[in-house]
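Examination of the molecular architecture
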Amino acid sequence: MKKITITKRKSINLILQFIFYLYLKQVPYILTLFTIIMEFKPRIIAFLCNWCSYTGADLAGTSRMEYKPNVRIIRVMCSGRVEPTFVLKAFANGADGVLICGCHPGDCHYQEGNYRCLRRYMMLQKYIRQIGIEPDRLKLEWISASEGKQFAELVNSFTEKIKELGPSKIKDIIKTFA
Amino acid sequence: MEEKKPKLKLAVYWAAACGGCCVSVLDVHEKLFDIISAADLVFWPIALDTKYHDVEKMPDSYIDVTLFNGAIRNSENEEMAKLLRKKSKILVAYGSCAHLGGIPGLANFTTKDEIFKRVYFESESVTNEKNVIPVPEYKAEEGSLFLPSFYNDVKSLSQVTEPDYFIPGCPPQSERLLEVFKAIVSGAELPPKGSVIGAEIKTQCDECIRKKTENKRIKKFYRPWEIKDDGVTCFMEQGVLCMGPATRAGCGYRCIKGNAPCRGCYGPPPGTPDPGAKMMSAVASIIDEKDPEAIERVLEDLADPAGTFYRFSLPVSLIRRKIL
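About the cut-offs
Residues numbered from 1 in each chain as written. Chains lettered and ligands numbered in written order. Predicted model: local features only at pLDDT ≥ 70, side-chain atom pairs only at ≥ 80, totals over all residues. Heavy atoms only, no water. Domains from an automatic or database assignment. Salt bridge = Lys/Arg side-chain N within 4 Å of Asp/Glu carboxyl O. Helix = DSSP H or I, 4+ residues; strand = E, 2+ residues; numbered from the N terminus. Contact = heavy atoms within 4.5 Å. Buried area = accessible area lost by both parts, 1.4 Å probe. Polar contact = N/O pair within 3.5 Å; in protein donor to acceptor, adjacent residues only side chain to side chain. Nonpolar A, V, L, I, M, F, W, Y, C, P; charged D, E, K, R; others polar. Axes fitted to C-alpha atoms, helices over the stretch in contact; angles between N-to-C directions. Parallel < 35°, antiparallel > 145°, perpendicular 65-115°, else oblique. Left-handed = near helix turned anticlockwise from the far one by under 90°. Phe/Tyr/Trp six-rings, centres within 6.5 Å; stacked < 30°, edge-to-face > 60°. Buried < 20%, exposed > 50% of the residue type's maximum accessible area, 1.4 Å probe, protein only.

We now examine the domain arrangement of chain A. Segmenting chain A into domains produces domain 1 (1–39) and domain 2 (44–177). For domain 1 of chain A and domain 2 of chain A, the distance between their C-alpha centres works out to 48 Å.

Turning to the pattern of salt bridges, a few remarks are in order. Residues and elements named next belong to chain B. On inspection of all chains with the given rule, the structure shows 31 salt bridges over all chains. When the shortest N-O distance is used, the salt bridge between Asp-64 and Lys-89 registers 2.9 Å. Note that Asp-64 is positioned in strand 3 (residues 63–69) and Lys-89 in strand 5 (residues 88–94), a separation of 25 residues in sequence. When salt bridges that share partners are traced, they join Arg-85, Glu-162, Asp-164 and Lys-193 into one network.

It is worth spelling out the interface of chain A and chain B at this point. The partner chain B presents 41 residues to the 28 residues of chain A that form the contact. Between chain A and chain B, a total of about 3300 Å² is buried, with carbon and sulfur atoms accounting for 69% of that surface. For the chain A face of the interface with chain B, the top three residues by lost area are Arg-119, Met-123 and Phe-177 of chain A, together amounting to 26%. On inspection of chain A and its partner chain B, the count reaches two salt bridges. Its salt-bridge partner being Lys-290 of chain B, residue Glu-112 of chain A comes within 4.0 Å of it at the nearest N-O pair. In this assembly, chain A and chain B are joined by twelve residue pairs in polar contact (both at pLDDT 80 or more). Those elements giving two or more residues to the side of chain A that touches chain B turn out to be helix 3 (84–92), helix 4 (113–131) and helix 6 (170–177) of chain A. The element contributing the most residues to the side of chain A that touches chain B is helix 4 of chain A, with twelve residues. Across the side of chain A that touches chain B, the residue classes tally to 17 nonpolar, three polar and eight charged.

Right, let's get into the packing of helix 2 (residues 31–38) of chain B against helix 7 (residues 174–185) of chain B. Angle between the axes and distance between the axes are the two parameters that describe a pair of packed helices. Residue and element names in this part refer to chain B. Put simply, helix 2 and helix 7 touch, their axes get as near as 12 Å, and they point 25° apart. Taken together, the axes of helix 2 and helix 7 are roughly parallel relative to one another. Two packed elements cross with a definite hand, and for helix 2 against helix 7 that hand is left-handed. Across from Lys-31, Ile-35 and Ala-38 in helix 2, the residues of helix 7 making contact are Leu-178, Phe-181 and Val-185. Taken together, the residues of the contact of helix 2 with helix 7 break down into five nonpolar, no polar and one charged.

Turning our attention to the packing of aromatic side chains. Residue and element names in this part refer to chain B. All told, the structure shown has eleven aromatic pairs over all chains when counted by the stated rule. Plain terms: the ring middles of Phe-116 and Phe-150 are 5.1 Å apart, the flat faces sit at 50° to each other, and that makes the pair tilted. Of this pair, Phe-116 sits in helix 6 (residues 112–122) while Phe-150 sits in strand 8 (residues 150–155); the two residues are 34 residues apart in sequence, bridging distant segments of the chain. Looking at Phe-116, the relative accessible area reads 10%, which means it is buried.

In this section: unusual backbone geometry. Residue and element names in this part refer to chain B. Residue Pro-171 is reached from Cys-170 by a cis peptide bond, and omega for that bond is -10°. As for its position among the elements, Pro-171 is in the loop between strand 9 (165–167) and helix 7. We note that Ser-61 has phi near 55°; this positive angle belongs to a residue other than glycine. Its location among the elements puts Ser-61 in the loop between helix 3 (52–57) and strand 3. By relative accessible area, Ser-61 is classed as partly exposed at 35%. Here Asn-131, not a glycine, exhibits a phi torsion of approximately 55°, which is positive. If you trace the backbone, Asn-131 turns up in the loop between helix 6 and strand 6 (137–140).

Printed below as a string of structure tokens:
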């Protein structure tokens, strides 16, 4: 009886040692995995207009261009459809950045939807600066249907910018509120 | 002896408010006698000497209707809001402060520390050599003294408890209060819980008496004193910012009748999560410029967009307070 227990203990020890050895070998991998998990991954909401920018983003995809996976694209019929409420709601629900893309000035499918978007964007910029959100978290850019490359570059540069700014505090502050 | 219908029990309480809402209840003038004949006022700090502990002694759901005005600024406000919720059958958020946070809600542009610094140290009329600031608990020789603790954020009533109805306005129009009161007394079927009563469902512009055209184009914003108002044309068409497009109707457009643009105290129309954003959207679409620099120039005239568009509604807006 006694002997068996000793061997059992020994074997358990051996197994543990083996696991520990395996573990030691994995340490660098685990560390890199850990840093990847802990790394700040910005969540970016992009409102793209159906006629130019969404098609542009589609072109980036079909041309197999690589760009950062941090944007969540929402297709709207026109950039003029993007209400300030949409942008603020995105921020309130935890978006780290909001990107609005529309047709180039003069190219709007509905003639002047993108000008309305521009004015709302500028008004919003003024508001978010006052309320304490970094103005860089909101960006408006014109992307035409042929500008897949520009879209990919825009997403990359905007993601980098948001990474520099760090995670948005808005959602946490709202949580403490009510 | 003739059996009488039991009288209604009515309470009015003020939290972080200016007192205007309580005065608006008195503004029903001689009709106050009708109210008193139909209801007993059991708790009303501005007019009666009922103490908090008297309210605490009341059985639950003892009060029929409580008109709660004022925002939630400190722990006393919150405690009373929860107490009155327990003691009342119908709790009404009365006035803009209880409904949306109101003017006190603008304090959310700053913090508790900033407010204390300004009020107790920097204010021109204050000398505070010992650097005394209010603390929730103070130990004196005779024992501990307590003060309500001051919150960092101003909240609306619905953010701390569940009011049944909302009556908007700064202050609510007394006629509307009478209508609501009559409906309750007559036992008419009440609207579903959580609805805004004593107001319309359309926007201010919809019932405004000023002359409006489709051609709204703004090249420059004016302050009301900068223009010679003709008394007829829509304020927005004259370049004066008017909150009408994003404000619920029902006040009887009194400000407009007095030749002043709407400030938005009746809050957003139904289905609008963020009144200021709606207003920004409306204003931006009528600016008559396409060039970014020109738009910037027009927007420069708006000195304080956040304070203007969220004058009464900052605590219930999407972002709720200044992010620091």
